Amino acid sequence: MPLLLVDLDNTLIDRAASLARWAEAYLTERNGEADPALVAELIRLDGDGLRPKPAVAADLTALLGLTPQEESEVIAVLRAGVLEHLRPDPAVVPALEAARSAGYVPLVVTNGNVAQQESKVRLMGLEGHVAGMVVSEGVGVRKPDAAIFHLAAEAGGDSLEGAWMIGDSAEADVRGGANAGIPQVWLRRGRSYPATEPAPTAIADSFAEAVQIVLASTGPEVRTR
Ligand SMILES: [Mg+2]
């Protein structure tokens with residue numbers, strides 16, 4: 001059965017919305033108000049969770065005037081805040097189940113911290129709807145390295161034959177899928193595709209739409225592309 005490899009942050013879960021909710025709450029607690037410009041800067045510094053965490057901690061310290069004690073704790077505070085403010089997307093589980101019904105095995109492939117990523121999957125009730133997850137910290141290799149996709153295939157008990165990758169990062173998910181030789185659907189999230197990255201197989205505006213694209217393109221004429 002072919003694998004449907006799926007990114008986690010901003011693909012199966014809306015980490016960006018959660019981070020924004022946390023940033024507002026955190027700044028309100030610290031400053032008595034959440035200045036929109038400060039919220040926007042905090043979100044920018046986080047870099048969609050893809051920037052190295054020590055750099056994020058240092059930048060948040062400079063931005064907010066954190067004490068050394070606060071700086072040492074700010075990444076743990078941010079991670080806990082992201083978990084606390086996550087909200088389930090009701091369209092995600094039906095899309096995963098549609099993929100399973102069509103014969104795909106959904107498997108999460110994510111760059112991140114094992115405990116954090118497992119907590120997100122559990123909190124959003126996705127555990128029973130994916131066959132498993134491969135987390136970069138746990139396997140010592142990150143997207144876009146093709147090796148993490150081959151490890152995912154091993155975890156799913158199958159090859160990458162017929163597999164697809166769905167994700168919102170051109171650098172990690174689209175380039176990574178291309179490195180592993182599988183087609184990819186990029187989630188737009190209102191952005192334009194970066195001109196410097198290789199073009200994805202398809203572009204979608206939601207995870208559910210991405211799954212529809214995969215399911216619609218499994219005919220022999222597309223398989224041979
Ligand atoms: Mg992502």
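Preceding this section is the structure that the text describes.
What counts and what doesn't
- Residues numbered from 1 in each chain as written.
- Predicted model: local features only at pLDDT ≥ 70, side-chain atom pairs only at ≥ 80, totals over all residues.
- Heavy atoms only, no water.
- Buried < 20%, exposed > 50% of the residue type's maximum accessible area, 1.4 Å probe, protein only.
- Helix = DSSP H or I, 4+ residues; strand = E, 2+ residues; numbered from the N terminus.
- Pairing = 2+ DSSP bridges.
- Right-handed = clockwise from strand over helix to strand, strands pointing away.
- Core = buried A, V, L, I, M, F, W, Y, C linked by side-chain atoms within 4.5 Å.
- Donors = N, O, S within 2.8 Å, 3.2 Å for Na, K, Ca; no water.
- Salt bridge = Lys/Arg side-chain N within 4 Å of Asp/Glu carboxyl O.
- Axes fitted to C-alpha atoms, helices over the stretch in contact; angles between N-to-C directions.
- Contact = heavy atoms within 4.5 Å.

### Regarding the pairing of strand β2 (residues 105-110)
- Among the six residues that make up β2, six are buried, leaving the element largely enclosed by the rest of the structure.
- With burial as the criterion, each face of β2 is covered, one bearing Val-105, Leu-107 and Val-109 and the other bearing Pro-106, Val-108 and Thr-110.
- With three bridges connecting them, β2 and strand β3 (residues 133-135) associate as parallel partners. Residue pairing in the sheet places Val-109 in a bridge with Val-134 of β3.
- For the segment spanning β2, helix α6 (residues 114-123) and β3, crossover handedness is right-handed.

### Notes on the nonpolar core
- Ranked by internal contacts, the top residues of the largest apolar core, which has 27 residues, are Leu-4, Leu-12, Leu-126, Ile-166, Val-185 and Phe-207.
- For this core, the secondary structure elements donating two or more residues are β1 (3-6), α5 (92-101), β4 (164-167), β5 (184-187), β6 (202-204) and α10 (207-216).

### A closer look at the coordination of the magnesium ion
- In the first shell of the magnesium ion, the protein supplies Asp-7 (OD), Asp-9 (O) and Asp-168 (OD), at 2.0 to 2.2 Å from the metal.
- Site description for the magnesium ion: donor spacing in sequence, D-x1-D-x158-D. Of the two residues, Asp-7 and Asp-9, both sit in the buried class.

### Here's the deal with the pattern of salt bridges
- For the structure shown, the criterion picks out twelve salt bridges.
- The partner of Asp-59 in a salt bridge is Arg-51, with the nearest N and O atoms 2.9 Å apart.
- Asp-59 gets classed as partly exposed once you look at its relative accessible area, which sits at 27%.
- Through salt bridges with shared partners, one network takes in Asp-7, Lys-143 and Asp-173.

### Points about the sheet that holds β2
- The parallel open sheet is built from six strands, whose spatial order is β3-β2-β1-β4-β5-β6. Edge positions in the sheet fall to β3 and β6, since each of these pairs with one other strand and no more. With direction set aside, neighbouring strand axes in the sheet form an average angle of 20 degrees.
- Of the pairings in the sheet, the one linking β4 to β5 comprises three bridges and is parallel in character. Paired with Gly-167 across the strands is Trp-186, a residue of β5.
- Strands in contact with α10 are β1, β4, β5 and β6; relative to β6, the strand with the most contacts, it is inclined by about 150 degrees.

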